[in-house]
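Summary of the model geometry
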Amino acid sequence: MRRKIAPTSAIGEKAGAGAETVDPLEGFEAARGFDAVEARAGGGADSMRTEFTFELPRGYVDETGRVHRSGVMRLATARDELVPLRDDRVRENPAYLSVVLLGRVVERIGSVTDIHAGVIEDLFASDLAFLQDFYQRINAEGHTRAQVTCPSCESAFAVDLAGGGRLGES
């Protein structure tokens, strides 16, 4: 909520009742390229992206046989990386760490929103490898792009692993 400031007289006293109020940010947002709603909500140029969409190569098959491919992963917190270290499954098998960690940071796969280690265990190996790479890219490198080379013409170009474009586009 923005406060409105009533204009004051030259000696600092408030203007009389019924005086017009002045918005201190009026004109500022437009000059800086802000949307008024964005500026009030704390968004805008200084906001940080914390969720990333992805498309699984094969897809998660739920108990009814329905395939889910699109999903959302959020940035990991320090807690996300520390809590799995206390998990008995991870203590017995350190390779299980990525399964527990992905179960914490994947928010949704298709219409499945209850994501946990059991769901991650049921992914195809190619989908697990994709999510492990995706996690590394957004948390360590800060982006979802990968540099690739065309096997036919050997041209190098970048692709966005998050998907969202049409098939065949880079």
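In this text the structure is predicted, and so the values were computed from the model without any measurement. Sequence order sets the numbering: in each chain, residues are counted from 1 along the sequence as written. At least 70 in pLDDT is required for a residue's local features to be given in this predicted model, at least 80 for side-chain atom pairs to be given and counted, and no such filter applies to totals for whole chains, interfaces and linings, which use all residues. Water and hydrogen atoms play no part in the side-chain values, which are based on all heavy atoms of the structure.

Some points on the overall build of the protein chain
- Helix numbering and strand numbering both begin at the N terminus, where a helix is a DSSP run of H or I of at least 4 residues and a strand a DSSP run of E of at least 2. From N to C terminus, the protein chain includes seven helices and five strands.
- Along its sequence from the N terminus, the protein chain presents helices and strands in the succession α-α-β-β-α-α-α-β-α-α-β-β.
- Total accessible area on the protein chain is roughly 11600 Å²; 51% of this is exposed by carbon and sulfur atoms. Computed with the Shrake-Rupley method and a 1.4 Å probe, the accessible areas treat only the protein chains shown as cover for residues.

Focus: the nonpolar core
- We define a nonpolar core as any set of buried Ala, Val, Leu, Ile, Met, Phe, Trp, Tyr and Cys residues linked to one another through side-chain atoms lying within 4.5 Å. Each residue gets one of three labels from its accessible area relative to the maximum for its type: buried under 20%, exposed over 50%, partly exposed in between, using a 1.4 Å probe on protein chains only. By size, the foremost hydrophobic cluster in this structure holds 26 residues, and its most contacted members are Phe-54, Leu-56, Met-73, Leu-102, Val-106, Ile-109 and Leu-131.
- Residue assignment for this core shows that the elements contributing at least two residues are strand 1 (51–61), helix 5 (97–105), strand 3 (106–109), helix 6 (117–121) and helix 7 (125–141).
- Contacts were defined at the residue level, with two residues in contact if any of their heavy atoms lie within 4.5 Å. Not counting the four nearest positions on each side in its chain, Ile-109 is found in contact with Phe-54, Leu-56, Tyr-60, His-68, Ser-70, Gly-71, Ile-115 and Leu-123.

Section: the pattern of salt bridges
- A pairing counts as a salt bridge when a side-chain nitrogen of Lys or Arg comes within 4 Å of a carboxyl oxygen of Asp or Glu. Within this structure, the stated rule accounts for five salt bridges.
- Across the salt bridge formed by Arg-74 and Glu-107, the nearest N and O atoms sit 2.9 Å from each other. Taken together, the residues span a long stretch of sequence, with Arg-74 in strand 2 (residues 67–74) and Glu-107 in strand 3 at a distance of 33 residues.
- For Glu-107, a relative accessible area of 32% puts it in the partly exposed group.
- Sharing partners across several salt bridges, the network here consists of Arg-74, Asp-80, Arg-104 and Glu-107.

Let's talk about the packing of aromatic side chains
- A pair of aromatic rings is counted whenever rings of Phe, Tyr or Trp (Trp by its six-membered ring) have centres within 6.5 Å, and the orientation is called stacked for planes under 30 degrees apart, edge-to-face for over 60 and tilted otherwise. This structure, assessed with the given rule, holds three aromatic pairs.
- Measuring from ring centre to ring centre gives 6.3 Å for Phe-54 and Phe-130, while their planes differ by 55°; the resulting arrangement is tilted. With Phe-54 in strand 1 and Phe-130 in helix 7, this residue pair connects regions lying 76 residues apart in the sequence. Each member of the pair, Phe-54 as well as Phe-130, carries the same accessibility label: buried.
- A relative accessible area of 1% places Phe-54 in the buried class.
- Feature note: the residues Phe-54, Phe-130 and Phe-134 constitute an aromatic cluster, connected by ring pairs.

Brief notes about the sheet that holds strand 3
- By definition, two strands form a pair when at least two bridges between them are found by DSSP. Here we have three strands laid out as an open sheet, ordered 1-2-3, and antiparallel in their pairing. Among the strands making up the open sheet, the edge pair consists of strand 1 and strand 3. Strand-to-strand twist across the sheet, computed as the mean angle between neighbouring axes with direction ignored, equals 25°.
- Relative to strand 3, strand 2 runs antiparallel, the two sharing three bridges. Counted as the bridge partner of Met-73 is Val-106 from strand 3. Axis definition: a line fitted to C-alpha atoms, over the contacting stretch in the case of helices. Angles run 0 to 180 degrees between N-to-C directions.

As for the confidence of the model for the protein chain
- Of all residues in the protein chain, 65% attain a pLDDT of 70 or more, and the chain-wide mean is 76.
- Within the protein chain, helix 2 (residues 36–41) has the poorest average pLDDT of any element, 35, and strand 3 the best, 97.
- For every residue, the predictor states its confidence as a pLDDT score lying anywhere from 0 to 100. Low confidence marks residues 1–42, where pLDDT is under 50. Its contacts with residues over four positions away, or in another chain, come to 30 contacts.
- Residue range residues 165–170 is modelled with pLDDT below 50. Its contacts to residues more than four positions away, or to other chains, number three contacts.

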